[in-house]
Amino acid sequence: QPVRLSDYRPPDWLVDTVHLDVRLHPTATRILARLALRPNPEGREGSPIVLDGDELSLKSLTLDGTPLAGNAYVATASALTVLAPPQRALTLEIETVVDPSANTKLMGLYRSSGAYCTQCEAEGFRRITYFPDRPDVLAVYTVRIEAEREEAPVLLANGNPVESGPVEGTSRHYAVWHDPWPKPSYLFALVGGRLERIVEEFVTASGRKVELGIYVEPGKAGRAGYAMDALRRSLRWDEEAFGREYDLDVFNIVAVADFNMGAMENKGLNVFNDKYVLASPETATDADYANIEAIIAHEYFHNWTGNRITCRDWFQLCLKEGLTVFRDQEFSSDQRSRAVKRIADVRLLKSHQFPEDAGPLAHPVRPDTYREINNFYTATVYEKGAEVVRMLKTLLGEDGFRSGMDLYFERHDGDAATVEDFLACFAAAAGTDLSQFALWYAQSGTPQLTVSGHWDASARSFRLDVEQTLAPTPGQDEKRPMVIPLALGLVGPDGRDMPLLLDDGTNAGRGVLTITQPRQSFVFRDVEHRPVPSLNRGFSAPVKLVSGLTTEDLVFLARHDADPFNRFDAGQSIALAHLVEATAAHRAGHPLPAPDALVAALGATLGDASLDPAFVAQALSLPSESDVAREIGGDVDPDAIHAARLALRRALGEALAPALEEAYARHALAGPYSPDAASAGRRALRNAGLDLLAATGSAEGVARALAHFERADNMTDRFHALSVLAHNAPLAREAALSAFYERFRDDPLVVDKWLALQAQIAEPGTLERVRALAAHPTFSWGNPNRVRSLIGSFASINQTQFHRADGAGHDFVAEAVLELDGRNPQVAARLLAAFKSWRALEPVRRSSAERALRRVAAREGLSPDVADIVSRSLD
Ligand code: ARG
Ligand code: ZN
């Protein structure tokens, strides 16, 4: 029963307005829904009304006020069908009762720390009432919520507040909200609870006054200030960068402790995982602050890209997600260092999306079939989807891109749109044909670009031969050549870029070559000296680049490249090539010494006072174990990778000790903690130094980390030092871990860090530790953040222990998935996706992973979520 893009049909019935009357009750919340329906002129004539449901039971049903005869409709838990409705506008009134306290899936209406909240994307609204729960049915909602005043003094829904007051003669009260903007059901939200709020006024560019509110659990308002600041900056930025203004009188955010994902862009009422709202210097790291800023922006930006223009169907998910990630990345780049943001984003893409593209779960940015849509909120749809939008901008240039966006907003405001609609706006605005470019949405897998350069001294020319290939992926044996914007520079011996003059007389516009063929050559003229080509600058295309550059060339680029991303990447390439070689050497029993070239390059980077400390910190942080595994590609032995990487960290720590110590001392900050990017960069550099120095195992290294831990006055320093101790100093570790726990035991978000850190220790004792922590009173299978911190970190980050040779790590995660599946299938399926690279493992680990997957597959009554992941993983 997979759903296919090619089967799309417009809805047979449309809904113009929805009136909801919700009486909140912990175990029996009653929902009365009044839907004004009419036949869709574009639908099939004479159709029944088929409404979606999920675990619903119908209490009553009327059509235009008259109860329907029992034979006029069929109601099951998953659908309500009105068999032969009059083919005209009509009103259905549907009564359902749900139990929010028993809703452990956290989809639909559920409770978090006693508060009522909802999550409807993708298909949660059907767990509240029967409805055509698909994104191309847009309606205007009016919502009345009623609750015990004691239990839920705050009552919120989408749109603007209309009225509120007591329900006379009772202990209950009510509030009415009206959202004038037609929206699909997945953007519906309501919240009721005992919540504290912070509030500020914002005046939009055109002078509209907006009340910005952030609601949190009582006692936590003091930690919402940074989120409010980020929200204010987001509203302003969207006005300036995209000309988009906010369109309601209020914008509310509610932070809840139990949430399946990061956050949700419900119209005018964003609901957040509190991890992405709450921050204080004592409890949040610099990375937490940066995530909060990015996610607050992301959800806000959905107001235009997602809400005002929504998706026709769930295959178009990237239309809102890829585009909105692109927008939040640009926002963060403008607020912080663009170069460092780009480096962080590409690191994330390579570590999460590239492996997805290379394994059994590979799918196009716009999938063409799915069995469970919740499994497609992936790095491919989000992160690769953002890269595709970025490429569009690179190809069309700043102005072409902006006019395409303007046209998109103008043409499609109020629509449920498609990727084709989106691309057509850019094609029209820029007068270009984007049909080949559209393959980025359709073909899965990471293209490989093999480039070689040939300098002809006598002709003073330089030829670049470029070849693109794309390996088969599940369901796609044949691939067509893609459009690849290759930004580049030719760096001369003096470290300066040479002019890019193509010998056909054209110049390579803005330093970007557009690759469209399987094989292409470009000849540059007037190239006086042998250049070092700096390719795919700024990571202009999400491809695997094989450049054939020598280590010497890379060292040169690491020092001189004018493009900061490639300057960073050159060092990483040297490290990665070494780690691949050193892993093989380790398996063969003769470890390799650290390459002098890398030591020299990093030494130079460290010594260059003109560089942003945040950049230097990125340069010092080596490719991860899974990056190395991906580069090796097959017959992967995680223990050998770990050993090779540890040896390299040690060698760097020893060789660079004086420079690292100097940088550590120089970047100490005085005064109170501030989360700004410059301060965060200095902390990042110090902490990177702390890590390499401790990796040597030297007594000074450990002592320095211990002192850093004890003196820390903020969570960034305290937690980094704790991590350094946990990974490098087994003897100092336990005392530090318990001190940390004692201090923060009542703070669940900090306890999450403590759980995640322990799950990542690359030692054989870790599995036992994780088992023990799963039984610790602080852990709960019911809270997704706890599960992701402990089990998720173990499975997705701890390569050596998850992939233990004895299979115990695989078995443990498989058991955890089965344990969770009955309670929260979405979180269970997410966890199971950690097996995505199992086929690349060496034979012993590969068969243990396969056995664990087969055990999951054999379980009766799996959720569609887990069944889908396990069957695709094994296919
Ligand atoms: N649209 C949300 C965001 O990216 C994600 C919600 C996904 N939720 C889900 N249950 N699949 O901002
Ligand atoms: Zn989103």
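Just so we're clear, the structure is a prediction, and the values are computed from it rather than from any experiment.

1. Examining helix α16 (residues 699-711)
Over its 13 residues, α16 extends 18 Å from the first C-alpha to the last, a length consistent with the 18 Å expected when each residue adds 1.5 Å. Those residues of α16 hidden inside the fold are in contact with α13 (638-655), α15 (677-695), α17 (715-728) and α18 (730-744).

2. Remarks on the nonpolar core
Ranked by internal contacts, the top residues of the largest apolar core, which has 255 residues, are Val-254, Val-277, Leu-831 and Leu-832. The dominant element in this core, judged by the number of residues it contributes, is helix α5 (residues 379-412), at 11 residues.

3. What about the site of ligand 1?
In the neighbourhood of ligand 1, 14 residues make up the surrounding shell, with Glu-121, Met-261, Met-264, Asn-374 and Tyr-377 lying closest. When residues of the shell around ligand 1 are traced back to their parent elements, those giving at least two are β20 (263-264) and α2 (286-301). For the shell around ligand 1, the residue count by class is five nonpolar, five polar and four charged.

4. Observations concerning the environment of Pro-367
Following the sequence through the fold, Pro-367 ends up in the loop between α4 (338-358) and β23 (369-370). In sequence terms Pro-367 and Glu-383 are 16 residues apart; their C-alpha atoms lie 14 Å from each other. The residues touching Pro-367, leaving out its near neighbours within four places in the chain, are Phe-315 and Phe-376.

5. Observations concerning the UniProt feature "domain: Peptidase M1 membrane alanine aminopeptidase" (unreviewed entry) in the protein
Cross-referencing UniProt, the feature "domain: Peptidase M1 membrane alanine aminopeptidase" (unreviewed entry) maps to residues 226-437 in the present numbering. In residues 226-437, the share of helix is 56% and the share of strand is 9%. The end C-alpha atoms are 39 Å apart.

6. Structural notes on the pairing of strand β17 (residues 196-203)
As judged from the eight bridges shared by β17 and strand β18 (residues 209-216), these two strands associate in the antiparallel manner. Counted as the bridge partner of Val-199 is Gly-213 from β18. Linkage of β17 to β18, two consecutive antiparallel strands, is achieved through a turn of five residues, within which Gly-207 is found at a positive phi near 95°.

7. Observations concerning the sheet that holds strand β19 (residues 250-256)
In spatial order, the strands read β17-β18-β19-β21-β20; together these five strands make up an open sheet with mixed pairing. Sheet topology places β17 and β20 at the edges, where each strand pairs with a single neighbour. In this fold helix α1 (residues 225-242) packs onto β17, β18 and β19, with an angle of close to 25° to the strand it touches most, β17.

8. Examining the sheet that holds strand β14 (residues 160-166)
Paired through their backbone hydrogen bonds, the strands of a sheet run either parallel or antiparallel. Spatially, the eight strands line up as an open sheet ordered β6-β5-β9-β3-β2-β12-β15-β14, and their pairing is mixed. Two strands close off the open sheet at either side, each with one partner strand: β6 (66-67) and β14. As paired elements, strand β12 (residues 139-148) and strand β15 (residues 172-183) share nine bridges and run antiparallel to each other. Residue Ala-147 lies in a different strand from β15, and its bridge partner there is His-173.

9. Focus on the packing of helix α10 (residues 596-607) against helix α11 (residues 613-620)
Look at α10 against α11: their axes get within 10 Å of each other, and the N-to-C directions meet at 165°. By the angle between their directions, the pair α10 and α11 is classed as roughly antiparallel. In the packing of α10 onto α11, the handedness of the crossing is left-handed. Contacts between α10 and α11 involve Leu-602, Thr-605 and Leu-606 from the former and Val-616, Ala-619 and Leu-620 from the latter. Split by residue class, the contact of α10 with α11 holds five nonpolar, one polar and no charged.

What counts and how
- Residues numbered from 1 in each chain as written.
- Chains lettered and ligands numbered in written order.
- Predicted model: local features only at pLDDT ≥ 70, side-chain atom pairs only at ≥ 80, totals over all residues.
- Helix = DSSP H or I, 4+ residues; strand = E, 2+ residues; numbered from the N terminus.
- Expected span 1.5 Å × (residues − 1).
- Contact = placed C-beta atoms within 7 Å.
- Core = buried A, V, L, I, M, F, W, Y, C linked by C-beta atoms within 7 Å.
- Buried ≥ 20, exposed ≤ 12 C-beta atoms within 10 Å, placed from the backbone.
- Near = placed C-beta within 6 Å.
- Nonpolar A, V, L, I, M, F, W, Y, C, P; charged D, E, K, R; others polar.
- UniProt positions renumbered as here; feature names shortened; annotations may be inferred.
- Pairing = 2+ DSSP bridges.
- Axes fitted to C-alpha atoms, helices over the stretch in contact; angles between N-to-C directions.
- Parallel < 35°, antiparallel > 145°, perpendicular 65-115°, else oblique.
- Left-handed = near helix turned anticlockwise from the far one by under 90°.

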